[in-house]
Amino acid sequence: MINNLIDFYLKSHPVTLGVLLLLSLYFIVLNWVFFYRYFSLNNWLSRESASLESLLLGATTVNENSFLNNFIKTSNVVSKEVLGLGMLAATKEATKGLSVLSVFASTSPFIGLFGTVVSILDTFSHIGQNSGGMSIIASGVSDALVATASGIFVAIFAYTYHQVLKRNSYELISYIQMQSDAILARKA
């Protein structure tokens, strides 16, 4: 196994190795973004769920830990406009990190493809110099396809993580919207 990795490293074009390094960094960053946002959104969801539940059970205002509480405390009058500003701020906060995952999901297959093309061009140049046969072509193409597979691998995780966080953000904003509606209904 170690010998195969060393052999791959020695045979690969420097651009392909750079592509694999970049995709590795993408993978590390997207996992960090996902897990950080996932746990913080789930914590926030539980606070908003508890606040909504207390409102539905008769409380006159949101819990102290609710995101809307910041807007209710600082405003002299609770209005639809103030709660709407709270919704916009919550949406902005809840969707942080989604653009990074979206960019990674859309660009990583192309980065991998770039590494593949460079490796295949390198293989063809070796064929011309060594007048090699199918063994050189097969070896070069199989090494080149590692970059494409790596790009697709990273994209799958980035896209999946993006969808999970998008769903959690939507659920969170729904809880905040329901709290806002409950407050306005009590006021009317």
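Where an unreviewed UniProt entry is consulted, the chain appears under the name MotA/TolQ/ExbB proton channel family protein, with the organism given as Sulfurimonas sediminis. If you open the UniProt record of the chain and go to Sequence similarities (unreviewed entry), you find "Belongs to the exbB/tolQ family."

(A) Inspection of the packing of helix 2 (residues 14-56) against helix 4 (residues 80-94) at higher detail. Contact pair helix 2 / helix 4: the axes reach a minimum separation of 11 Å and the direction vectors enclose 150°. In this view, helix 2 runs roughly antiparallel relative to helix 4, as classed from their interaxial angle. Here helix 2 contributes R37, L41 and W44 to the contact with helix 4, which in turn contributes A90, E93 and A94. Its residues placed into classes, the contact of helix 2 with helix 4 shows 4 nonpolar, no polar and 2 charged.

(B) How the structure looks around the side chain of N31. Looking at the element boundaries, N31 is found in helix 2. Judged by relative accessible area, N31 falls into the buried class, the value being 16%.

What counts, and at which threshold
Throughout, a residue's number is its position along its own chain's written sequence, starting from 1. Totals for whole chains, interfaces and linings use all residues, but because this is a predicted model, local features are given only for residues with pLDDT of at least 70 and pairs of side-chain atoms are given and counted only at 80 or more. Where side-chain values are given, they derive from all heavy atoms of the structure, hydrogens and water being excluded. UniProt positions are given in the numbering used here, feature names are shortened, and annotations may be inferred rather than shown by experiment. Fitting a line to C-alpha atoms yields each axis, with helices limited to the stretch in contact; the angle taken between N-to-C directions then spans 0 to 180 degrees. By the criteria applied, helices consist of DSSP H or I runs no shorter than four residues and strands consist of E runs no shorter than two, each listed in order from the N terminus. To sort the angles, those under 35 degrees are grouped as roughly parallel, those over 145 as roughly antiparallel, those from 65 to 115 as roughly perpendicular, and the leftovers as oblique. Contact definition: two residues touch when any of their heavy atoms are within 4.5 Å. Think of it as three bins: nonpolar holds Ala, Val, Leu, Ile, Met, Phe, Trp, Tyr, Cys and Pro, charged holds Asp, Glu, Lys and Arg, and polar takes everything else, Gly as well. For every residue, the accessible area obtained with a 1.4 Å probe (protein chains only) is divided by the maximum for its type, and the residue is called buried under 20%, exposed over 50%, and partly exposed between those limits.

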